[in-house]
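Working through the structure, step by step
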Amino acid sequence: MSVTRAVNSGLSDINTVHEITMVEAVTLALRRAMTEDPTVVVLGEDVATNGGVFRATENLKTEFGFKRVLDTPLAESMIAGISIGMATHGMRPVAEIQFMGFIFAAMEQIVCHAARMRNRTRGRLHCPLVIRAPFGGGIGAPEHHSESTEALFAHIPGLRVVIPSSPVRAYGLLLSAIRNPDPVLFLEPKRIYRIVRQRVVDSGKGLPLDTCFTLRQGDDITLISWGAMMHETLQAATQLQQRGVNADVIDVATISPLDMTTIVRSVRHTGRCVIVQEAARSGGIASEISARVAEEAMPWLQSPVQRVTGFDTPMPYPRHEHYYLPTAADIVRACERTLGVI
Amino acid sequence: MTQLKKQVASTLPANISLDWLRSAYSHMVLIRAFDKKVVALQRTGQMRTYPSCLGQEAIGVGIGLALQDNDVFVPYYRDQATLFLRGVSLTQIMQVWGGDERGHLFEGAARRDLPLCIPIATQMTHAAGVAIALKSRAEHQACLVTCGDGATSKGDFSEALNLAGLWQLPMVCVINNNQWAISVPLHKQTACQTLAQKAVAAGMEGVQIDGNDVAEVYQAVDRALTKARQGKGPTLIEAVSYRLSDHTTADDATRYRDLEQVNNAWEREPVKRLQSLLHAHQGWSPEQENALLESVRKQVDDAVTAYLSIPPQPADEFLKYQFAEMTTPLALQISWQHERFPEHETSDSNGVQKS
Ligand SMILES: Cc1ncc(C[n+]2csc(CCOP(=O)(O)OP(=O)(O)O)c2C)c(N)n1
Ligand SMILES: [Mg+2]
C-alpha cells in the first residue's frame, strides 16, 4: 500500500484509513489541523524545505505554502518567543524544537511567559501554542539527542505535557493539543516513530487530553508508563500473562496534569503498582505518581510501589546507552518483587 | 558574500614557505582520507551519526597550525582537523562519534581544551569565560572558539561577542561558514551581508576570509591570536567555505540543495587547490603524492584498527563520573547495574558504598 498516496489525498476522503507509523500520524494530524483552521502555522528549524529532520512535517510546505510552514533561523528562544506573540494574537503556532535536548534555550519563554500568560492577565490573553519535540533514547543518536526530561516541564504550572505512545494516540492527541486554548508541550518518543504501523482513521477526531488510556485490563497488578516505554511495559505484561499474572496497563499520555482518577481506581483494584519511566530516577513523573498513589490508595496497596527507571546520570553516549534503558526484563523483575515471588 | 577565489593564486602567499604549504597539505590530505573512512564505517554500521568536514579541511588545519600549545581551543562538532592537530588521536575522534565518552580523554595540547559542543553556539560563552580566566592570570594566551554559520543566529553568539568586545577578552572566534545549517541556506539565516559584520555591533574587529585557502586561514588566525595574546582584544573571523557533504550521515542533502551548487563548490575545494599551487611552484612531485597517500592510508587504517578493538566499558562505568565523590543514590544504582549485568566484568568498585 502506498501511504504517501493515501495521505496526499487530503481531506476529501474524510474517513480514509491509513496504516501508518507514529511520525506519519503526526504529519497527518498537522495536515488535518492546518486544513480545518487557517490560523494554524508550523514553524521551526528545517521544517519546511526539508520536512523536518524526522520528516514529521514532510510535504506540508508544498501543500500549505511558505507562509504557513516556516523555516526559522537557528534559535530556540526566538522560536518559542515568537510562538507566544503569535498565539496571543490570533494564530495557532505549532513549533518544532528539533530535539528535546535543544529546548532549554526556549525554557525561559515557556516558563516565564507561555505557561502563565492566561493567569497573569487574568484571562485577558491566552497562549494556544503547541511545541513539539522528539525525545528519548534508544536510536543511537549523538550526545544531547536522547534524554527524557519531561518532568522538568511537568513541574511548570500552566503547561500541559502530552506524550503519545502509538500512531492512533499521536494523531488524536496532537489534534486535541492544537485545538486546546492553552500551551501544550507535545513530546514525541522518537524510538517508536517508526517501529509500528497502525490503522489511523483521518476523521479529525481528537482524543481527550488529561486522561490516561488503559491499554490492557487485568486484576493482579497495575503497570503504568508513557511514551516509548509503553512498549517494554506491554511486553512485560505479556510475559506476566504467560505466568498467569494479569496486568492492568495504563498509558498516562498526559503527564501534566495527571489523571489520577484512572490510576487510583486501577491501583485500588489490583493492590499492586509498578511505574516505568525512561527518564532519570530522581524527581521524575514516576516519583509524582508514586506519591499520589501513596496519598490516595495506600490502604489498598498489598506491597510497596516499585519504580523502574533510568539512572541519575545523563544518557550515556550511544555505545553504552543500552546499559541505561529499562528493559522488559527489568519490569518483570520489579513485578516479581511486588508480587513477592522474589 | 565573498566569492571564493576561483583561480589558484599564482604567487605564494607572503611569508609562507613551500615547506609550510607541504605540511599543511599533508594534514589536509590526512583529514580528508580519515573523514571519508569514518563515513564508510558509518555506512557499514561501525560508526554512529558523524558530521563530515569534507571541503572545510583548510579551516581546521589553518586554525590547528596557528594555535599554540598553551592556547585554549573551544570546539564545536565539525572540528576534526583542529582536534587532530591539538594532539587528539584519530582513534579518539572516532571513539567520540562511535558513541564513547572516552574519546574525550584529550591529551597533548588539547588537555585543557573543552569537549566537542553539540548544543549550537553554547560554547561561545564558555570561550568568553575561558578568556576571562586567561586574562585574570595575565597568561599571555588566547582562547579560540569555532562555530557554524547557523550558530550566529543564536543569542549565545551575540551575548558572547558583546562581552568579548566590552571586556576586550583574549578571544578569537572563527565561524566555519559552510553556507548551510542542515537544510537552511545562509540567506535564510540572516539578512546580514556578511557574518563578519556581526563584529561591528560588538565593538570588535571582524574579518571575512577565504576559508578554502589554508594559508589565508592560518595568517588571519595567527594574527588574531597574536593580537589577543598581547591583550589587544578579540577578533571575529568569518571563514567562507562550503559543506560538500551531507550535514551528517543522518542527513540527505539532495532533498534541499541543487547538485549544481555542490558541483560548483567542488571546483574550489581546498585540497585540490593547494595541490595545484604546490604543483605550480614545482613544490610537489608524483612520488611525494604517492608516498603521502601511502602513509595517510596506513595512519587511517591503524587508527581504525585501534578504534574497532576498544572493548565497551563495563555496565556500571557511566555512573562513576557524576560527582567528585560517589553519592549514596549512585552507589546504590551501581549495585543494581551489577545485578542487571551479572555476566559483565564490572569495573573495580571504587567508591561504591554499601547501602
Ligand atoms: C541549540 C541547538 N539547536 C538545534 C540543534 C540541531 N542542529 C545540529 S547542527 C544544526 C545546524 C548547525 O548549522 P551551522 O551552525 O551552520 O553548523 P554546521 O553544522 O553547518 O557546521 C542544527 C540545527 C543543535 N545541535 N543545537
Ligand atoms: Mg553551516
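Residues numbered from 1 in each chain as written. Chains lettered and ligands numbered in written order. Predicted model: local features only at pLDDT ≥ 70, side-chain atom pairs only at ≥ 80, totals over all residues. Heavy atoms only, no water.

1. Thoughts on the side chain of Thr254 of chain A
- Mapped onto the elements of the fold, Thr254 of chain A is located in strand E12 (residues 254–256).
- Apart from the residues within four sequence positions on either side, Thr254 of chain A is in contact with Val161, Val162, Leu209, Asp210 and Thr211 of chain A. (Helix = DSSP H or I, 4+ residues; strand = E, 2+ residues; numbered from the N terminus. Contact = heavy atoms within 4.5 Å.)

2. Notes on the site of ligand 1
- Taken together, 21 residues are adjacent to ligand 1, and Glu76 of chain A together with Tyr76, Tyr77, Arg78 and Trp180 of chain B come closest.
- Asn178 of chain B is positioned such that a nitrogen or oxygen atom in its side chain is 3.0 Å from an oxygen atom of ligand 1.
- For ligand 1, whose accessible area on its own is 580 Å², the fraction buried by protein is 97%.
- In terms of residue class, the shell around ligand 1 is made up of eleven nonpolar, five polar and five charged. (Near = heavy atom within 4 Å. Polar contact = N/O pair within 3.5 Å; in protein donor to acceptor, adjacent residues only side chain to side chain. Areas by Shrake-Rupley, 256 points an atom, 1.4 Å probe, with all protein chains shown as cover. Nonpolar A, V, L, I, M, F, W, Y, C, P; charged D, E, K, R; others polar.)

3. Some thoughts on the coordination of the magnesium ion (ligand 2)
All names here are of chain B.
- Here the magnesium ion (ligand 2) is held by Asp149 (OD), Asn178 (OD1) and Trp180 (O), and the distances to it run 2.1 Å.
- Donor residues for the magnesium ion (ligand 2), ordered by position in the chain, follow D-x28-N-x1-W. Of this pair, Asp149 sits in the loop between strand E2 (143–148) and helix H6 (155–166) while Asn178 sits in the loop between strand E3 (171–177) and strand E4 (180–181), placing them 29 residues apart in sequence.
- For Asp149, a relative accessible area of 1% translates into the label buried.
- Relative accessible area serves as the criterion here: at 3%, Asn178 is assigned to the buried category. (Donors = N, O, S within 2.8 Å, 3.2 Å for Na, K, Ca; no water. Buried < 20%, exposed > 50% of the residue type's maximum accessible area, 1.4 Å probe, protein only.)

4. Overview of the confidence of the model for chain B
All names here are of chain B.
- In the predicted model, chain B carries a mean pLDDT of 94, and the fraction of residues at 70 or more is 94%.
- Residue range residues 348–355 is modelled with pLDDT below 50. Its contacts to residues more than four positions away, or to other chains, number nine contacts.
- For this predicted complex, the interface score ipTM comes out at 0.94, while the overall pTM is 0.95. (pLDDT = per-residue confidence, 0-100.)

5. Considering the layout of surface pockets
- Taken as a whole, the second largest pocket encloses approximately 730 Å³ of empty space.
- If you go around the second largest pocket, you meet 26 residues; those closest to its centre are Glu143 and Tyr317 of chain A together with Glu101, His104 and Tyr321 of chain B.
- Of the residues belonging to the lining of the second largest pocket, the class tally is 13 nonpolar, seven polar and six charged. (1 Å grid on protein atoms, 1.4 Å probe; cavity = no way out; pocket = protein on both sides within 12 Å on 5 of 7 lines; lining within 4 Å. Points joined across faces, edges and corners; volume = space filled by probe spheres on them.)

6. Some words on the sheet that holds strand E1 (residues 72–74) of chain B
All names here are of chain B.
- Read from one edge of the open sheet, five strands run E1-E2-E3-E7-E6, paired in parallel fashion. Each having just a single partner strand, E1 and strand E6 (205–210) make up the two edges of the open sheet. Across the sheet, the mean angle from the axis of one strand to that of its neighbour is 20 degrees, orientation sign disregarded.
- With three bridges connecting them, E1 and E2 associate as parallel partners. From the neighbouring strand, Phe73 faces E2, where its bridge partner is Leu144.
- On the sheet, helix H2 (residues 57–66) packs against E2, E3 and strand E7 (235–240) and is oriented at approximately 165 degrees with respect to E3. (Pairing = 2+ DSSP bridges. Axes fitted to C-alpha atoms, helices over the stretch in contact; angles between N-to-C directions.)

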